[in-house]
Structures are given as structure tokens and as C-alpha cells.
Amino acid sequence: MKRWLKITLSILSALVILVILTWLAGAFYISRNKKEILSTILAQLNKNLNGEITAGSMEPTLLKSFPGVSVSLNDVLLRDSLWAQHKHNLLKAKDINVSLNILSLIVGNVNINRIAINDAAVYIYTDSTGYSNTSIFKSKPKKEETKSSPKSSALEVKKIDFNRLSLILDNQKRFKLFNFNIDQIQGRMQYPDSGWTGKIKLKTLVNNFAFNTRKGSFLKGKTLDGTLSAHYSRDLDAVILDPENLNIGGHPFKIGAKIDLDKFAFAITIAVDQILFKEVALLLSPNISSKLLKFGIENPVDIRGNIIDDGSGKYGDPLIKVGIKVRDNILSIPAGKLTEANFDGSFTNQDTVGGIIGDENSSIKLHRLTAKYFNAPIKIDTFTVNNLARPIATGLVTSKFPLTNLNNSLGTQDFDFKDGTADLRLYCQADIDNFIFTKPIVSGAIKIANADITYLPRKLHLVKSALNINFNQNDLSIQNGHFQLGKSELNVSCSIANFANLYYSDPEKILVNLKMHSPQLYLNEFLPFLGPRSTKKKASSGNSMKTASRELSNVLEVSKMNINLTVGKAIYNKFLAKNLAADISLRGEGIFFNKFSVEHAGGLIGMNGSIIQQPGSNTFKMSSKISHVSVKDFFYSFDNFGQNTITNKNLKGYLSSLVNISGKISHAGKVIPRSINGKVVFNLNNAALVNFEPMVKVGNFAFANRNLSNVEIKKLNGTLTVRGDKIEISPMQINSSAMNFNIKGIYALGTGTDIEMDIPLRNPKGDENLTKAEKRQARMKGIVLHLKAIDDDKGGIKIRWNKDHD
């Protein structure tokens, strides 16, 4: 072996032996002087403390910090001077391991290289007056140093470890509570002249992180794991944490902070990329997260935020500012979902600078929002929700899209769109009650052109439709509306006062004032209004837009409508009328004809009445005044009123009448036979009964030489009372070209006909030269036949003598 190698090995061996001897000497010294060393350590730790740190015992742990030596302090307590009043230990540790510098120990000083605190609890307490047990660390009043007093250096620990630590910061004055279960904290410290710097490795569970215990905790139940770079500035009296990645709940956040120790103030910066919005919302306190969770963003987003507390405790809550960047995402809002959404969002709890910090001054803003709202592209420059205590939403919405985009998007099967476009520009402001839009104020317009729409519940197919819907805050109006339903054309204008408020709060009070004009209207094309709505049950859905669509459908059915209708020509099956004018009201299940007039069959018909919709059929009531209409055309137009005994083929002349009847009408618009009840007071002029079976049979029975197949009646007044299938004929005197007779009784549409007729044999033609008075006196002179018309066995009518005549 070479000489230089031998010398090197000898030197190294000597150094190792020296280290071992030194370590053994230190260990021996500690073992022999435990009380003195513990007293020295506690004295150094108690130096400048306004309180006391105590330890139950000290034992050397020789191998833990070789080549240094270490001791274990057991049952350590750190209490401030007022502990007896508040009973909160600042520190209670089962074991504190202290690593000592051997050389400093040998020369009589204690220099601590490392402290490891195990199974400990730290409780930093501030009472309602502002006193804190951390005052233990405030410097004691300085005493004049004498020449004999030794000068001690400040306590500088290079490494501090915490294992299994419960840390609580309880500020009763400012309602703050921070509670952590810390699995491990490792700190590596350096002490430049400016303060200290260190790397802190952290792993902890957050039990409570409440800046305001009245509002709830941030980060509740989340784990924090990562390494932070920290330094303390003596000049600023502040701890500064450089931005570093810290895993919160398993997701990496870049966290930076400045903590002002003198003012108990802090500012925290947060940055996180590609995280779910819901996960971030759940990190916040319940008073904030409960509001944010009313919104949803499906795909991960990038978020930046700041939490600032100036230490004044003026508002209780810290100032929170959060920014979010959303690209090609799906946004859920109270009124539905926005797909392909792009926007920059922000949240703050101090929207008005200098104002209070809290829900009342909070806002959520979505800037430069573009998206598809159920396949309709929309743009909103700024959508804002202010005052989360009583939220108000505002925004200017613009969109232009084909109506076909709405198919399968509205959540109901009420509408089917085949053509047309919609162009909207609306400024909206609405209260949000539990984040459901209420009491909206809307200004702007929606323009619909060339629409082909089927309203499925009523099976109404509208083509070539167009309208302009204008919103003036709470009021709504429709202008330049045009619809074509089959061969019918309608021009429409409409006004609805207070629509926006009543739509949500009380739709039954919505009153629609609708003006409609048509050059030609085919009434049978509107028969679907007579039937009940055709509804299809759908599975329930939490989709707000589907709920809104169902609400719209309900509003259309329960709101009230006044219709002012003018029609040049109205056609219904055989009914043809001109210059129709009507005032119609729709109320719930009822159609009310307040005023109705029309030119028909050479005369005028005025009417009022109602139709009440029911499942099987509809009931109607009608009061009508008929003036000089052709009775033949009148019976023809109304299909002989559901009977075939006396028809338009049997009648001539002109009818004037007062009609008050009720009955039932089918959903197809047909009068249900034998359902009518009421009274008809009529006047016939220049009338004739042509081939009327009862009259013909009377002629065959007693007047073979007279023409009773065409009985002319110059004038006839009468009253008919209708009771289902029975028509009660009040006593009438009929003066005709063939005979004069009196008639009364019951005419049945089925069975039960019982008509009494008193017929003089005098031929009216022989009395033509008599005066009216003479005719009245001579009318029943001579032989009078007393006959009765009753049912026969074949379902017809037979004539027999009236044996019961008085």
C-alpha cells in the first residue's frame, strides 16, 4: 500500500474515532446532566415568552440524529400567562424530539438543529375582546444588560417537523375558525438577517376553514398535500408563501399568500386548470357554494381567484374574487342548458368597490357569452346575477335561428316546427326566487317569419305565419301577425298587460286582448278548439327548459282571452255568412260569445252565448235574435237542427225569432240530437209548408179536395218550448191558404207526439171578401173537426179523432 493512501486512511480513521468519541462524550454528558440540560433548553425556549413552556421529562434518543445527539421532551405544555382564564393550551405534545449541536453542548451552550413534535395539539385562541394566547410570543420588557449578564443568541431552529398534529385557530372576536388534522409538516429553515426562509412540506385534512363561522366553512373535508416556499420579513412583519402547487382534494392548485402577522390580515392567490366547476364550488363556504351550484359546467375549466382579508373584521367575510374561463362547454342555468358555450366568468362578493362584503354585494357575471340554447344560437354581451341574498339577473340576449331547431328541444310535444325563422333581441331583468326566474322585466322584440307550425294539443296547422312580438317591460304586444290555417287567413294584433309578472305568479289573471280580421274564414278549420286538449304523458325531467315549456303550454290554456273578430265571409259546412263581427272571450274551458252578429240567409242574426268544453261533448247556451232570414236557407245552414221531420224542404218564407236554448254539441261541431232545451218565439211572414207530412195526412183524412201539400201562410206567430226530443207547441191560430186551424200539443222527435188540432171545414177561400173582424168571427163557424196527431206503430204519425176534446 502506498504511503499517501496509508496516511489518508489513518486521518479518516482518526476523524471517525474523534466523531464517535465526541458523540459518546455528548451522549454521556446528556445522560449525566439531564436535569441541567432540560432546564437549559426550557430556559432558552422560555426566553422572551409571556407564559411558560413545561415538560414532564427528558430522555436522550442517541441514534435518531447521529452524529448529533437528541433528546425527547415528554408531556410538553405551552401556556400563555392568562391560561387560567380561557383554559386553552397553545401547545400540548406527547413527545417533542430535540436535536442538539454536540460542540455547542460541550462548551456549555444549547443550539437546537431540529425539533420534531409528535402527537400534539395546537390551539391558537382569540377571545371576544381580541386577546390571543399567541401573546406568549411577544417580547418581554427589556432589562438593562450588565457586564456580568451573558449574551444569548436568539433561538434558531433549522428543521421543524410536526407529526400527527391537531391545529385549531379559533378567533371568537371575528367569528373565524380553522381546524386541521395534520398528518405531517416538515420545515427546513434558514435565518438571514431579513427574517427567515423555509421549505414547508404539508399533508393535512381540513375539518373547518371558516372565515366567518356564521356562513360556514371553506375546504371542509378536503385534504391538502404539497410543498410551500415561505419566508418571513421582519420589515413587513409578514409571512409570504411563494406560488407553489398544493394538492387540494387530489387536484393540483397553485397557491400563493401573504400573511400580515401584525394585522392578522392575509391575501391568498389561487390558480387551477382543468377542474370541474362543481369541485371548485364545493371548496367554498355553503352560503356561496349553494348559489354557485344552481349553475353547472359539465367539462373542466380554468379558474383564477383571490381571497383577501384586511384584518379589520369589518364585514366578517373575506373579499373573494374568482375568474373562470369556459370554452366549448355545457352550461346549466335556471332556465335550461347552454351548449357549445364560450364565456369568461367572474364572481365577487364585493361588486361595488368600497361597499360591504357579503351576499348583498355579490355578483356572478358571464362576459362575451356565445352558446346554443336548445339548438338556438344566442349571444349575451354580459349576463349578470347581482345580490345573491335576493338575486337579480340581467342580460341582453340576441339570436337568429330557424324554428326547426326547436323541435325535440322544448321538452314537450306541443309544437312541431317545419319552417320559418326567429330573430330576437331582448333585454331581460328578473328576480330569482331560489334561482327560478320570477317577476321578469323584458324589453325588446321577437320577429317570426314564414313559420310553419303545428300546435299538436289542438291539431292546428298554421302556415305562412309571421308576427312581431314586442316586450315593453312587463307588457307584451303582437303586431303584424298573419296566420293561415288551411284556406282561412287571419291578421292578428294583440296586447297583454302585465304579462311578465302574471306569467309566473298568477297565469289565470293574464288577459289577452286579441284583434283578428279575416277576408275569408272556414269555421270548420277551428273545430279543434271545441275538443279537449290532446295530451301525452312524458317522463318527468329536471330540465328547466322543459319545465318552462310545459308552463307556457299551461299558460296558453288557463289565461283569459278577449277576441275582437271581423270576417268578410264565414263558411261552416252549409252555413254561409257575411260581415261577421264577434266579441268572444275564452275563459278556462269556456268559449263565451259576448256579442255576435252576421248577415245570413238574406237577414241578420245576432247572438250571445257560451260553449263549455267537456270530455265527452260540449254544452252550449245561446240567446239569439233572428231578423228576416229565409227560413228555408236558415234550416238548411244549420242542418235542420238535428231533426228530419220538418226540414228546409218543407219550409218557405222569412223568419224572425227570439231563441233561448241550451244543449250539447259534439267535438266535431254537430248538434247532438234531443239534447236541446229552451224556448223559441218566432214570427213567419209569407211562409209556406211544403209537403209537411202531418199536414198532408190531415188533408188525406178530411180534405181530399184541398191542396195541403203547399200550405201558404201570410203571417204566423208562435212559441215553441223544446225539452230534449219533445217540442211543446203553445196554442196557435194558423191561417193558411188551405185551411184555418188551431194547434197545440207535443211534437216528439222520437215517440210521444200528441198534437191537438181544431180544423173548421170552412174553406178560407170563401172568406176572402170578408173584413178582418168578420174573418175572426167566422173562422171557427160551421163544422169543426177535432183531430189528434199521435205516433203510429211504424214510427210515423197517424191522425185520429180527438175524443177528449172539450
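Above this text sits the structure in question.
Quick summary incoming for the structure in this document.

What counts and how
Residues numbered from 1 in each chain as written. Predicted model: local features only at pLDDT ≥ 70, side-chain atom pairs only at ≥ 80, totals over all residues. Heavy atoms only, no water. Helix = DSSP H or I, 4+ residues; strand = E, 2+ residues; numbered from the N terminus. Buried < 20%, exposed > 50% of the residue type's maximum accessible area, 1.4 Å probe, protein only. Contact = heavy atoms within 4.5 Å. Salt bridge = Lys/Arg side-chain N within 4 Å of Asp/Glu carboxyl O. Core = buried A, V, L, I, M, F, W, Y, C linked by side-chain atoms within 4.5 Å. Phe/Tyr/Trp six-rings, centres within 6.5 Å; stacked < 30°, edge-to-face > 60°. Lys NZ or Arg CZ within 6 Å of the ring centre and 35° of its normal. Patch = residues over 30% accessible without salt bridge, like charges linked within 9 Å, V, L, I, M, F, W, Y side chains within 5 Å. Areas by Shrake-Rupley, 256 points an atom, 1.4 Å probe, with all protein chains shown as cover. Lys, Arg positive; Asp, Glu negative; His and termini not counted. Charge placed at Lys NZ, Arg CZ, Asp CG, Glu CD. Pairing = 2+ DSSP bridges.

### So, the overall build of the protein chain
Right, on to step 1. Looking only at helices and strands, the protein chain has eleven helices and 38 strands in total.
Right, on to step 2. When each of the 806 residues of the protein chain is scored for burial, the buried share is 44%.
Right, on to step 3. Long-range pairs, those at least 24 residues apart, make up 53% of the contacts in the protein chain between residues at least 6 apart in sequence.

### A short note on the environment of Ala577
Right, on to step 1. As for its position among the elements, Ala577 is in strand S27 (residues 575-587).
Right, on to step 2. Taking C-alpha positions, Ala577 is 9.9 Å from Leu521, a pair spaced 56 residues apart along the chain.
Right, on to step 3. Setting aside chain neighbours within four positions, we find Ala577 in contact with Gly568, Lys569, Ala570, Val598 and Glu599.

### Some words on the pattern of salt bridges
Right, on to step 1. One pass over the structure, following the stated rule, counts 14 salt bridges.
Right, on to step 2. Residue Lys372 is joined to Glu340 by a salt bridge in which the shortest nitrogen-to-oxygen separation is 3.8 Å. Here Lys372 is found in strand S17 (residues 363-373), whereas its partner Glu340 is found in strand S16 (residues 336-348), with 32 residues between them in sequence.
Right, on to step 3. With relative accessibility at 31%, the residue Lys372 sits in the partly exposed group.
Right, on to step 4. Notably, a salt bridge pairs Lys788 with Asp754, separated by 3.6 Å at the nearest N-O pair. In this pair, Lys788 sits in strand S37 (residues 784-791) while Asp754 sits in strand S36 (residues 754-760), placing the two residues 34 residues apart along the sequence.
Right, on to step 5. For Asp754, a relative accessible area of 31% gives the class partly exposed.
Right, on to step 6. Put simply, Lys159, Asp161 and Arg188 are held in one network by salt bridges that share partners.

### Digging into the environment of Lys574
Right, on to step 1. Along the chain, Lys574 turns up in the loop between strand S26 (560-572) and S27.
Right, on to step 2. Sequence separation between Lys574 and Phe635 is 61 residues, and the spatial gap between their C-alpha atoms is 9.9 Å.
Right, on to step 3. Apart from the residues within four sequence positions on either side, Lys574 is in contact with Tyr636, Ser637 and Asp639.

### Looking at the nonpolar core
Right, on to step 1. Leu73, Ile96, Leu331, Leu369 and Leu565 are the most contacted members of the largest nonpolar core, which totals 179 residues.
Right, on to step 2. Those residues in contact with Leu331 that sit more than four places away from it in its chain are Gly296, Ile297, Gly336, Lys337, Leu338, Ala341, Phe343, Leu366 and Leu369.

### Focus on the environment of Ala210
Right, on to step 1. Along the chain, the position of Ala210 falls in strand S8 (residues 195-210).
Right, on to step 2. Note: C-alpha distance between Ala210 and Leu177 (33 residues apart in sequence) is 5.1 Å.

### Some details on the packing of aromatic side chains
Right, on to step 1. Within the structure shown, the criterion is met by eight aromatic pairs.
Right, on to step 2. The interplanar angle of 75 degrees and the centroid separation of 5.2 Å between the aromatic rings of Phe211 and Phe218 together place this pair among those described as edge-to-face.
Right, on to step 3. Of the residues examined, Phe211 reaches a relative accessible area of 2% and is grouped as buried.
Right, on to step 4. Through successive ring pairs, a cluster of aromatic residues spans Phe178, Phe180, Phe209, Phe211, Phe218 and Phe266.
Right, on to step 5. Above the ring of Trp83, the side-chain terminus of Arg79 is found at 3.7 Å from the ring centroid.
Right, on to step 6. One cation-aromatic arrangement involves Lys487 over Tyr522; the distance from NZ or CZ to the ring centre is 4.3 Å.

### Topic: a positive patch on the surface
Right, on to step 1. Where like charges cluster on the molecular surface, the positive patch consists of Lys715, Lys772, Lys775 and Arg776.
Right, on to step 2. Here the positive patch gets three residues from one element, more than from any other, and that element is helix H11 (residues 772-778).

### Points about unusual backbone geometry
Right, on to step 1. At Asp237, a residue that is not glycine, the phi angle is positive and equals roughly 50 degrees.
Right, on to step 2. Inspection of the secondary structure puts Asp237 in the loop between strand S9 (223-233) and strand S10 (238-248).
Right, on to step 3. Phi angles above zero are rare outside glycine, and His628 is one such case at about 50 degrees.
Right, on to step 4. In this structure, His628 sits in strand S30 (residues 618-630).
Right, on to step 5. Using a relative accessible area of 43% as the deciding quantity, one classes His628 as partly exposed.

### Points about the side chain of Ser617
Right, on to step 1. Looking at the secondary structure, you find Ser617 in the loop between strand S29 (603-612) and S30.
Right, on to step 2. In this structure Ser617 touches Lys664, Ile665, His667 and Ile672, once residues within four positions along its chain are discounted.

### Focus: the pairing of strand S15 (residues 319-333)
Right, on to step 1. In this structure, strand S13 (residues 296-297) lies alongside S15, joined through two bridges in antiparallel fashion. By the bridge assignment for S15, Ile297 is matched with Leu331.
Right, on to step 2. Bridging between strand S14 (residues 301-309) and S15 involves seven bridges; their strand directions are antiparallel. Each residue of the ladder has a partner; that of Gly305, found in S15, is Val322.
Right, on to step 3. With ten bridges joining them, S15 and S16 adopt antiparallel strand pairing. Opposite Val326, over in S16, you have Phe343 as the bridge partner.

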